[in-house]
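Residue-level structure breakdown
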Amino acid sequence: MNSTSDNQKASSVPVYRPECSAAQNQDIRVPPAKHPRLEKTDKWIGLDARKIESHPSKNRAKPLQSFAFWLESAEYSPANVTKYNDEFSRYKHVESIGSFTGCYTLNNEVLSFYEGDDGRNALIFVKLFSESPYFKKLKKTIRQLDEIILFATADFMKGCQSFQPAVVFAKIMGAGDHYLEIALEHIGLSQEFDFKRKLPLPLLVELSEHLWDCSRAIMADPQQRAALIETLNTAVMTECIPANLESLLFMNDASACEVHQKLQPCRFMYGEELEYCTDILLMSETALSDFDALLTIWKQKLERKLCENKVPPSECQLELLRGRYAEARVFNEKLNIHIGQWHSCVFPDMWEDKRLLEVNVSPYTLGQVFSVGDKEYPVNTLFTQFVTDIAWEMNLTISSGHKHIDLHQSIGANPELFFRMLVDVEDKAWLCTCFKTEADSEKLHRYVVQGKQGESKSRIVKSMVTAFNKALEKGKTGKGGGFYQANHGIIEFWSNLVGNTPERNVPMNIQMDKYEDNQEARLGHIVTHPKNTAEFRFFNCPRNGDEGILISRLLEAWHIKIAEDQTARMPITYTPCDPLAKVDTVELYHKYASFIESLGLNPAEYEELLWI
């Protein structure tokens, strides 16, 4: 038996209602409310169904019904509503809601957009939807599982503005293949956008309503489809990116006072990856034994250095460790070195078809000294004496040098500073030519501008910069302080749009673990992984300890400059620059000198870092 209220009689679409009391019937719907991010504006030219339909077309078809219309007419089982109500109620009281869906990426993406009860309902939907028998059947035939979940989540949350969560879920599940067909149609369209990865949830939510309005004729016609893709791309650039960037970097309360986290450069901790080429072929039969011999030679030369420097044997511990893998257990694959308080290790890495020799050392702060018996050694002396001099004596060729910096101290709880740094690194892609690392840039530290999608990705970064600068002009208050975890939103936003962070092999590599602090570094342990560091991959390997310290000082000054620009509310700039494009040496030298001078440093002092 169906019962309708006065409001429902005004609708021409019949809505199935379970047989229940008037009080229960009232609970099926929720008070009407508009989500501010879901409202259409006149700026979405070409996305309104009526405007699309007015476009001349030989094969005109009715638009896909809007989601609101579809949801009203979708049938559902009263028994399922009762069952899903129980499920939603049960998970309302689960404390670890952020992890129970079993997929960290999805959890993080959902919680970064939906907050409070909305976030909890969205995660419950993700869990129930992904564990449903219907969805499990899809795993055998459908590849875009995450995309389907996110599309369905966006639709579910829109539906919750009008119906109770259990009712919306019952309607979506009841539609089965019909809903899936529409979702896959939207996914197919979204995959033609300028984005390297799937659309991030905030952009997907804003676009999904318009995707529902798109005509099937437009979907099928190649020319109209291409025009629609371009319209959607433009809409993302001009509408979605600004809205979502503002939510990540700026406060909603215009009267809020901007508070910047105090930068403490003296607490910045640096980590080193020094890599050297060898003549050992990766797949050769003697590769393991050859590397074993190489480590033995390094150990012997180090022992002689320690003797020359009169380091007491009681202050030294050199340990050759057997390989971890079955076929390597009879060979040494790592040399652990303790010299007083200072620690380093030498081990194999690989690049293309060769084995590299990599050296990591204890993290340090600028000006730090390490005690070795009754003597104190500055970091640059330790580098030179016990790393770079030995590599030089063994005739090892420099491969690369990756510099790490502690994210908790350098970026901390300042997402705007983080965003500014990401853009500035991309803006100065020409720096790798100064350090003679441009030849490997596409494989070792690919910039946004590089690759087949370089032009479209650069366009996206430009739109981010434009949106950011317009927000500054409007007097928006930045999030200069807050939670360290807020940086995760920047990582997700950037990586979903341009696909370059936090993946590996990018100029500023970050794979932030928001629950991990640099306690290892504080204890003096080697930390050269980007879970809690920013890894700058475009520097070359320092030729001696002094160069290593100069690179650290350059990074310190760079962070200080970015922080000062933030305080002064300076706009940011981005000019795509392909590091593989030929640049006049004199022009490059002047650009480098100007950059060093802008950091408040003496260009003459930093000339020795140049490889041109």
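Overview of the structure. (Residues numbered from 1 in each chain as written. Predicted model: local features only at pLDDT ≥ 70, side-chain atom pairs only at ≥ 80, totals over all residues. Heavy atoms only, no water.)

A tally of helices and strands in the chain yields 25 helices and 10 strands. With 612 residues in all, the chain has 54% of them scored as buried. Considering only contacts in the chain between residues 6 or more positions apart, those separated by 24 or more positions represent 77%. Approximately 28400 Å² of the chain is accessible, and the part contributed by carbon and sulfur atoms is 51%. (Helix = DSSP H or I, 4+ residues; strand = E, 2+ residues; numbered from the N terminus. Buried < 20%, exposed > 50% of the residue type's maximum accessible area, 1.4 Å probe, protein only. Contact = heavy atoms within 4.5 Å. Areas by Shrake-Rupley, 256 points an atom, 1.4 Å probe, with all protein chains shown as cover.)

Taken as a whole, this structure holds 0 disulfides when the rule is applied. You can see Cys432 has no disulfide; the closest cysteine sulfur is in Cys577, sitting 7.9 Å from it. Looking at Cys432, the relative accessible area reads 0%, which means it is buried. (Disulfide = S-S within 2.5 Å.)

Take the pattern of salt bridges next. Tallied over the entire structure, the rule returns 18 salt bridges. Across the pair Lys403 and Glu272 runs a salt bridge whose closest N-O atoms are separated by 2.4 Å. Of this pair, Lys403 sits in strand S8 (residues 397-406) while Glu272 sits in strand S1 (residues 270-281), and the two are 131 residues apart along the sequence. For the pair formed by Lys403 and Glu272, the shared burial category is buried. For Lys299, the salt bridge is made with Glu303, and the minimal N-O distance between the two is 2.7 Å. Pair noted here: Lys299 and Glu303 are both in helix H15 (residues 287-308), with a separation of 4 residues, about one helical turn. Judged by relative accessible area, which is 36%, Glu303 ranks as partly exposed. Each of Lys301, Arg304, Lys305, Glu308, Asp389 and Glu393 takes part in a single network of salt bridges with overlapping partners. (Salt bridge = Lys/Arg side-chain N within 4 Å of Asp/Glu carboxyl O.)

A separate point is helix H5 (residues 78-91). For H5, which comprises 14 residues, the first-to-last C-alpha distance of 20 Å matches the rise-based estimate of 20 Å (1.5 Å per residue) to within 8%. Its buried side turned inward, H5 meets helix H7 (116-131), helix H9 (145-159) and helix H10 (165-175). (Expected span 1.5 Å × (residues − 1).)

Here we come to the nonpolar core. Trp298, Phe419, Phe536, Phe538, Leu554, Trp558 and Tyr592 are the most contacted members of the largest nonpolar core, which has 102 residues in total. Broken down by element, this core gets its largest block of residues, 9 residues, from helix H24 (residues 545-567). Not counting residues up to four positions away in its chain, the partners in contact with Leu554 are Phe539, Tyr592, Phe595, Ile596, Leu599, Leu601, Tyr606 and Leu609. (Core = buried A, V, L, I, M, F, W, Y, C linked by side-chain atoms within 4.5 Å.)

Along the chain, Ser400 turns up in strand S8. Of the residues examined, Ser400 reaches a relative accessible area of 3% and is grouped as buried. Separated by 2.6 Å, the side chains of Ser400 and Glu275 make a polar contact. Setting aside residues no more than four positions away along its own chain, Ser400 makes contact with Glu273, Leu274, Glu275, Asn540 and Cys541. (Polar contact = N/O pair within 3.5 Å; in protein donor to acceptor, adjacent residues only side chain to side chain.)

The next thing to look at is the packing of H9 against H10. Two elements in contact, H9 and H10, have axes whose closest approach is 9 Å; the angle formed by their N-to-C orientations is 135°. With respect to each other, H9 and H10 are oriented oblique. For the crossing formed where H9 meets H10, the hand is right-handed. Every residue of H10 that contacts H9 at Ala152, Phe156 and Gly159 is listed here: Pro165, Val168, Phe169 and Ile172. Its residues placed into classes, the contact of H9 with H10 shows 6 nonpolar, 1 polar and no charged. (Axes fitted to C-alpha atoms, helices over the stretch in contact; angles between N-to-C directions. Parallel < 35°, antiparallel > 145°, perpendicular 65-115°, else oblique. Left-handed = near helix turned anticlockwise from the far one by under 90°. Nonpolar A, V, L, I, M, F, W, Y, C, P; charged D, E, K, R; others polar.)

In this section: the packing of H5 against H10. The angle between the axes and the distance between the axes are what describe a pair of packed helices. Running from N to C, H5 and H10 point in directions that differ by 125°, and their axes come no closer than 8 Å. Overall, the two elements H5 and H10 adopt an arrangement that is oblique. Two packed elements cross with a definite hand, and for H5 against H10 that hand is right-handed. Across the interface between the two elements, Asn80, Val81, Tyr84, Asn85 and Phe88 of H5 pack against Pro165, Ala166, Val167, Phe169, Ala170 and Met173 of H10.

What follows deals with the pairing of strand S7 (residues 375-378). With 4 bridges connecting them, strand S6 (residues 369-372) and S7 associate as antiparallel partners. Of the residues in S7, the one forming a bridge with Phe370 is Tyr377. Connecting S6 to the antiparallel partner S7 that follows it, the hairpin turn spans 2 residues, and Gly373 within it adopts a positive phi of roughly 65°. (Pairing = 2+ DSSP bridges.)

Next up on the list: the pairing of S8. For S8, the buried fraction is high: 8 of the 10 residues fall into the buried class. As defined by bridge partners, S8 adjoins strand S10 (residues 533-536) across 4 bridges and the pair is classed as antiparallel. Paired with Ile405 across the two strands is Ala534, which belongs to S10.

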